[in-house]
Amino acid sequence: MKLNNHGWGLREMLLYCGLLLLFLAISVFFIIQASRSLEDISNDKDDVKDIESQMSYLKIEENIRDATYLYINTYYKDKINIGTLKVSTDNLVKYNVLDLNDLKPDSESKNCKGYSLVRNDDAIIVSSYIKCSNYETNGYQAWRLGE
């Protein structure tokens, strides 16, 4: 390619514009990929927070279930027959088998309310239900606590 005093020719101009457009397209592609990966990272952080808070609520349900087993073994022994017995968290706290701190999730300032349902199907089966400001166990029935 020899330049003369008349400037670039049409071929050279098209070649340089083509190269510029190619580099621009590659840059846009990588910028879009980087922004998508940043969105995925932020979504993953939100998912981790959701899982951690979910685990906190499951731990509260487990604490209530364990305290209910202790309460039943201490105060009811073999008196559970056919039917379902409701044991509220207020009752568990009153009889010192559950601490109020066991009802407070990490992400909230207020304690959760809850109850356990106990039935005898050849073995004692306990199901725990809680209601917090940001969470409610599936199957929770507010009328069981007089709400």
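Let me sum up the structure you'll find in this document. Nothing here was measured: the structure is a model prediction, and the numbers come from that model.

Within the chain, the regular secondary structure consists of 2 helices and 3 strands. Listed by position from the N terminus, the elements making up the chain come as α-β-α-β-β. Contacts in the chain between residues far apart in sequence, at least 24 positions, make up 61% of those at least 6 positions apart. With the model as given, the accessible surface of the chain reaches about 11,000 Å², and the carbon-plus-sulfur share is 55%.

In a disulfide, the sulfur atoms of two cysteines are covalently bonded to one another. By the definition in use, this model includes 1 disulfide. Shown here is the disulfide that connects C112 with C132, its sulfur atoms set 1.8 Å apart. Here the S-S torsion is close to 105°, and the disulfide linking C112 with C132 is therefore right-handed. Note that C112 is positioned in the loop between helix 2 (89-94) and strand 2 (113-120) and C132 in the segment after strand 3 (124-131), a separation of 20 residues in sequence. Neither C112 nor C132 differs from the other in exposure class; each is buried.

In this section: the packing of aromatic side chains. Inspection of the entire model under this criterion finds 7 aromatic pairs. Chaining the aromatic ring pairs together yields one cluster made of Y71, Y75 and Y95.

Phi at N96 is positive, roughly 55°, even though this residue is not glycine. Along the chain, N96 turns up in the loop between helix 2 and strand 2. On the accessibility criterion, N96 (69% relative accessible area) is exposed.

As a further point, take the sheet that holds strand 3. One open sheet holds the 3 strands; their spatial order is 1-2-3, and the pairing between them is antiparallel. At either end of the open sheet lies a strand with only one pairing partner, and these are strand 1 (84-88) and strand 3. The average undirected angle you get between the axes of adjacent strands in this sheet is 20°. Summarising the sheet, strand 1 and strand 2 pair through 5 bridges and their orientation is antiparallel. Each bridged residue has a counterpart across the sheet, and for K86 the counterpart in strand 2 is L117.

Here we take up the environment of P105. As for its position among the elements, P105 is in the loop between helix 2 and strand 2. Put simply, P105 and S56 are 49 residues apart on the chain and 5.8 Å apart in space, counted from C-alpha to C-alpha. Apart from residues no more than four positions distant in its own chain, P105 is found in contact with S56, Y57, I60, K110, C112 and C132.

In this fold, T137 is placed in the segment after strand 3. Looking at T137, the relative accessible area reads 9%, which means it is buried. A polar contact is formed between the side chain of T137 and the side chain of E61, at a distance of 2.5 Å.

Conventions and cut-offs
- Residue positions are given per chain, counting from 1 as you read along its sequence in written order.
- The model is predicted, so local features are restricted to residues of pLDDT at least 70 and side-chain atom pairs to those at 80 or more, both for listing and for counting; the totals for chains, interfaces and linings are taken over all residues.
- In computing side-chain values, all of the structure's heavy atoms are included and hydrogens and water are not.
- What counts as a helix is a DSSP run of H or I of at least four residues, what counts as a strand is a run of E of at least two, and both are numbered from the N terminus.
- Note on contacts: a residue pair qualifies if any of its non-hydrogen atoms lie within 4.5 Å across the two residues.
- The method behind every accessible area is Shrake-Rupley, applied with a 1.4 Å probe, and residues are considered shielded solely by the protein chains displayed.
- Any two cysteine sulfur atoms lying within 2.5 Å of each other are counted as a disulfide.
- Each residue gets one of three labels from its accessible area relative to the maximum for its type: buried under 20%, exposed over 50%, partly exposed in between, using a 1.4 Å probe on protein chains only.
- Aromatic pairs are defined between Phe, Tyr and Trp rings, using the six-membered ring for Trp, whenever the two ring centres lie within 6.5 Å; interplanar angles under 30 degrees are classed as stacked, those over 60 as edge-to-face, and all others as tilted.
- Any two strands with at least two DSSP-identified bridges between them are counted as paired.
- Note on method: axes are straight lines fitted to C-alpha atoms, helices fitted across the in-contact stretch only, with angles between N-to-C directions ranging 0 to 180 degrees.
- For this analysis, a polar contact is any N or O atom pair within 3.5 Å, provided that within protein one partner can donate a hydrogen and the other can accept it, and provided that sequence-adjacent residues contribute only side-chain to side-chain pairs.

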